[in-house]
Amino acid sequence: MGRIRKEEIISFIEPNIQIFHSKRLENLLSLKLNDILKRKNPYLFKAKNITTAQDLVKSLLDAHLSSQEEGIFGGFLEELSIFICGKVFSGKKSSSEGIDLEFEKESTRYIVTIKSGPNWGNSQQVSRMKDNFKRAKRVLGSNAKKSRILAVNGCCYGIDDNPDKGDYIKLCGQRFWSFISGNEKLYTEIIEPLGHRAKEKNEKFHEEYAKVINKFTLEFAKEYCDSEGKILWNKIVEFNSGKKKKADLIY
């Protein structure tokens with residue numbers, strides 16, 4: 001078992017968190033109004049009684065950005081986990097489908113799928129993860145070196161006080177970070193460096209965000225409001241969900 005110094009973690013986080021901020025901004029600047037109108041549920045926003053173009057645009061944009069940011073940041077946390085485990089247990093990115101991390105400690109081989117939080121998937125996605133674990137175990141079990149193989153669903157935040165799921169172990173939050181590092185306090189130690197230059201980066205993001213809100217509101221009002229400024233919900237639903245003639249099916 002090796003050790004990882006706090007300075008090494010900071011040296012990894014500070015440049016890589018800037019990549020998160022850059023991707024977040026790039027995603028914002030690349031968006032088109034009709035793209036987010038296509039991807040979000042118009043019935044939901046109607047049910048929330050949104051009556052102004054700006055409020056609707058902001059709600060659509062925020063919902064889209066939130067899901068995108070979760071994915072981008074989840075990728076960063078996965079890379080951080082592999083880096084830390086690599087330093088401590090010689091962990092490495094797995095070549096097995098659906099497995100993010102492999103490492104060995106105390107004569108046990110661990111295969112790990114890393115997720116952001118505990119409530120990450122539905123029953124089909126969990127079943128797919130279990131299938132990936134089974135395939136990886138078969139491949140590793142066929143190697144000459146025999147060792148116990150355990151499957152782990154690691155979650156970077158949250159709590160699950162019943163980690164034994166039968167086919168695999170689920171470790172969340174403190175349990176996960178301690179598992180890959182041997183450090184019970186790591187889960188709190190990584191929070192401070194994550195804020196490196198956050199104020200500066202967020203100021204830039206919100207400056208561009210305001211421009212996008214204004215731009216999309218103008219576009220939306222021209223395309224999806226009547227001459228009196230009333231939102232044309234039927235037109236939005238037709239754009240979002242209406243059949244396209246070339247794709248019509250005969251039943």
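Anything mentioned here points back to the structure above.
Residues numbered from 1 in each chain as written. Predicted model: local features only at pLDDT ≥ 70, side-chain atom pairs only at ≥ 80, totals over all residues. Heavy atoms only, no water.

Asks: Explanation requested: the nonpolar core in the structure shown.
Replies: The nonpolar side chains of a soluble globular protein tend to be buried with one another. In terms of nonpolar packing, the biggest core is built from 30 residues, with Phe103, Val112, Phe176, Trp177 and Phe179 touching the most fellow members. Where this core is concerned, the elements lending two or more residues are helix 1 (6–30), helix 4 (53–89), strand 2 (101–105), strand 3 (108–115) and helix 6 (174–181). Ignoring sequence-local partners within four residues, the contact set of phenylalanine 103 consists of Cys85, Phe89, Gly91, Thr108, Arg109, Tyr110, Val112, Phe179 and Ile180. (Core = buried A, V, L, I, M, F, W, Y, C linked by side-chain atoms within 4.5 Å. Buried < 20%, exposed > 50% of the residue type's maximum accessible area, 1.4 Å probe, protein only. Helix = DSSP H or I, 4+ residues; strand = E, 2+ residues; numbered from the N terminus. Contact = heavy atoms within 4.5 Å.)

Asks: Teacher, can you tell me more about the sheet that holds strand 3 here?
Replies: Sheet strands pair by backbone hydrogen bonding; their relative direction is either parallel or antiparallel. Spatially, 5 strands are ordered 1-2-3-4-5 in an open sheet, and the strand pairing comes out mixed. Two strands close off the open sheet at either side, each with one partner strand: strand 1 (92–93) and strand 5 (169–172). Bridging between strand 3 and strand 4 (residues 148–155) involves 8 bridges; their strand directions are parallel. If you follow threonine 113 over to strand 4, its bridge partner there is asparagine 153. Seen against the sheet, helix 4 touches strand 1, strand 2 and strand 3 and runs at an angle of roughly 25° to strand 2. Sheet contacts for helix 5 (residues 123–141): strand 2, strand 3 and strand 4; angle to strand 4, the most-contacted strand, approximately 150°. (Pairing = 2+ DSSP bridges. Axes fitted to C-alpha atoms, helices over the stretch in contact; angles between N-to-C directions.)

Asks: What should I look at first to understand the packing of helix 8 (residues 198–224) against helix 9 (residues 233–241) in this one?
Replies: Relative to each other, helix 8 and helix 9 sit at 100°, their axes nearing to 10 Å. Between helix 8 and helix 9, the crossing angle belongs to the class labelled roughly perpendicular. Contact with helix 8, carried on its side by Phe220, Glu223 and Tyr224, involves Lys235, Ile236 and Phe239 of helix 9 and no other residues of that element. Along the lines of polarity and charge, the residues of the contact of helix 8 with helix 9 split into 4 nonpolar, no polar and 2 charged. (Parallel < 35°, antiparallel > 145°, perpendicular 65-115°, else oblique. Nonpolar A, V, L, I, M, F, W, Y, C, P; charged D, E, K, R; others polar.)

Asks: Would you mind going over helix 8 with me for this structure?
Replies: At 3.6 residues per turn, the α-helix brings residues three or four places apart onto the same side. With 27 residues, helix 8 extends 36 Å between its outermost C-alpha atoms, agreeing within 8% with the 39 Å of an ideal straight helix rising 1.5 Å per residue. Of the positions making up helix 8, those classed as buried are Ala198, Phe205, Glu208, Tyr209, Val212, Ile213, Phe216, Thr217, Phe220 and Tyr224. Elements that come into contact with the buried residues of helix 8 comprise helix 1, helix 2 (33–39), helix 4 and helix 9. (Expected span 1.5 Å × (residues − 1).)

Asks: Would you take a moment to explain the environment of leucine 186 for this structure?
Replies: Among the structural elements, leucine 186 can be located in helix 7 (residues 186–189). In the structure, leucine 186 is positioned 132 residues away from glutamine 54 in sequence and 42 Å away in space, judged by C-alpha atoms.

Asks: Help me out: how do you make sense of the side chain of threonine 108 in this one?
Replies: Within the secondary structure, threonine 108 is located in strand 3. Judged by its relative accessible area of 3%, threonine 108 falls in the buried class. In terms of polar contacts, threonine 108 uses its side chain to reach the side chain of arginine 148, at 3.4 Å. Leave out the neighbours within four places in its chain, and threonine 108 touches Phe103, Arg148 and Leu150. (Polar contact = N/O pair within 3.5 Å; in protein donor to acceptor, adjacent residues only side chain to side chain.)

Asks: Where do I start with the environment of lysine 93 in this structure?
Replies: As for its position among the elements, lysine 93 is in strand 1. A relative accessible area of 46% places lysine 93 in the partly exposed class. Residues lysine 93 and proline 163 lie 70 residues apart in sequence; the distance between their C-alpha atoms is 23 Å. Apart from residues no more than four positions distant in its own chain, lysine 93 is found in contact with Glu78, Ile82 and Asp100. Polar side-chain contacts of lysine 93 include one of 2.7 Å to the side chain of glutamate 78.

Asks: Help me out: how do you make sense of the packing of aromatic side chains in this one?
Replies: When we look at a pair of aromatic rings, we describe it by the centre distance and by the angle of the planes. Applying the stated criterion across every chain, the model contains 12 aromatic pairs. Centroid distance phenylalanine 73 to phenylalanine 76: 5.5 Å. Interplanar angle 40°. Geometry classified as tilted. With phenylalanine 73 and phenylalanine 76 both in helix 4, this residue pair falls 3 residues apart, about one helical turn. For phenylalanine 73, a relative accessible area of 24% translates into the label partly exposed. Here phenylalanine 76 falls in the buried class, since its relative accessible area comes to 4%. (Phe/Tyr/Trp six-rings, centres within 6.5 Å; stacked < 30°, edge-to-face > 60°.)

Asks: Help me out: how do you make sense of the side chain of aspartate 100 in this one?
Replies: For aspartate 100, the position within the fold is in the loop between strand 1 and strand 2. The contacts of aspartate 100, once residues within four sequence positions are left out, are Glu78, Ile82, Lys92, Lys93, Ser94, Val112, Thr113 and Ile114.

Asks: Explain the pairing of strand 2 here, please?
Replies: It is a general feature of regular strands that their side chains alternate between the two faces of the sheet. Where burial is concerned, most of strand 2 is hidden: 4 out of the 5 residues are buried. Both strand 1 and strand 2 contribute to a ladder of 2 bridges, which runs antiparallel. Considered in strand 2, the bridge of lysine 92 is made with glutamate 102. The pairing of strand 2 with strand 3 spans 5 bridges and is antiparallel. Within strand 3, the residue paired with glutamate 104 across the bridge is arginine 109. Connecting strand 2 to the next strand, strand 3, in antiparallel fashion are 2 residues, including glutamate 106 with a positive phi near 50°.

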